Amino acid sequence: MSSQADTVAEVDLRGQVNDAPLNIAGKINPIKGELFLDLKAGVHGMELAPFSPYSGKYVGYGIERGKLSFDVAYRSTTGN
């Protein structure tokens, strides 16, 4: 990442969430006067049962079983 406002940083994060692969990739510039964000994220086959305590508390229903997969893309360019 650079402190020069006219550059963008490459993002390439890979990890696991509940043993499911998680990928986040794209470009960002959080310090530029105009926000620039172009990211894609995805997770495939994430087990939902470990989230049951949270879903029970905040949604009112526990999760017995299930898996979640998603792919999303975020793009934002705003000026001041």
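Before reading further, recall that the structure is shown in the block above.
Structural notes, computed from the coordinates.

Thresholds, definitions, all that
- Residues numbered from 1 in each chain as written.
- Predicted model: local features only at pLDDT ≥ 70, side-chain atom pairs only at ≥ 80, totals over all residues.
- Heavy atoms only, no water.
- Salt bridge = Lys/Arg side-chain N within 4 Å of Asp/Glu carboxyl O.
- Helix = DSSP H or I, 4+ residues; strand = E, 2+ residues; numbered from the N terminus.
- Pairing = 2+ DSSP bridges.
- Buried < 20%, exposed > 50% of the residue type's maximum accessible area, 1.4 Å probe, protein only.
- Axes fitted to C-alpha atoms, helices over the stretch in contact; angles between N-to-C directions.

### As for the pattern of salt bridges
Next up, step 1: Inspection of every chain in the model, using the stated rule, returns 4 salt bridges.
Next up, step 2: The partner of lysine 67 in a salt bridge is glutamate 47, with the nearest N and O atoms 3.7 Å apart. A residue pair is termed long-range when its members are at least 10 positions apart, and lysine 67 in strand β4 (residues 67-78) and glutamate 47 in strand β3 (residues 35-47) qualify at 20 residues.

### Thoughts on the pairing of strand β1 (residues 9-17)
Next up, step 1: Note: β1 against strand β2 (residues 20-29), 9 bridges, orientation antiparallel. In the sheet register, valine 11 faces β2, and the bridge partner there is glycine 26.
Next up, step 2: Here β1 hands over to β2 after 2 residues, with asparagine 18 in that stretch at a positive phi of 50°.

### Brief notes about the pairing of β4
Next up, step 1: Burial analysis of β4 places just 0 of its 12 residues in the buried class, a small minority of the element.
Next up, step 2: Summarising the sheet, β3 and β4 pair through 11 bridges and their orientation is antiparallel. Note that in β4 the partner of lysine 40 across the bridge is alanine 73.

### Thoughts on unusual backbone geometry
Next up, step 1: For asparagine 18, which is not glycine, the phi torsion reads 50° and is therefore positive.
Next up, step 2: Inspection of the secondary structure puts asparagine 18 in the loop between β1 and β2.

### A short note on the environment of glutamate 64
Next up, step 1: Looking at the secondary structure, you find glutamate 64 in the loop between α1 (52-58) and β4.
Next up, step 2: Glutamate 64 sits in the exposed class, given a relative accessible area of 74%.
Next up, step 3: Along the primary structure glutamate 64 and leucine 48 are separated by 16 residues, whereas in three dimensions their C-alpha atoms are 8.0 Å apart.

### Here's the deal with the sheet that holds β1
Next up, step 1: One open sheet accounts for 4 strands, arranged β1-β2-β3-β4; its pairing is antiparallel. Two strands bound the open sheet, and with one partner strand each, they are β1 and β4. In this sheet, neighbouring strand axes are inclined to one another by 5° on average, regardless of whether the strands run parallel or antiparallel.

### A look at the environment of glutamine 16
Next up, step 1: Secondary-structure assignment places glutamine 16 in strand β1.
Next up, step 2: Residues glutamine 16 and valine 43 lie 27 residues apart in sequence; the distance between their C-alpha atoms is 8.4 Å.

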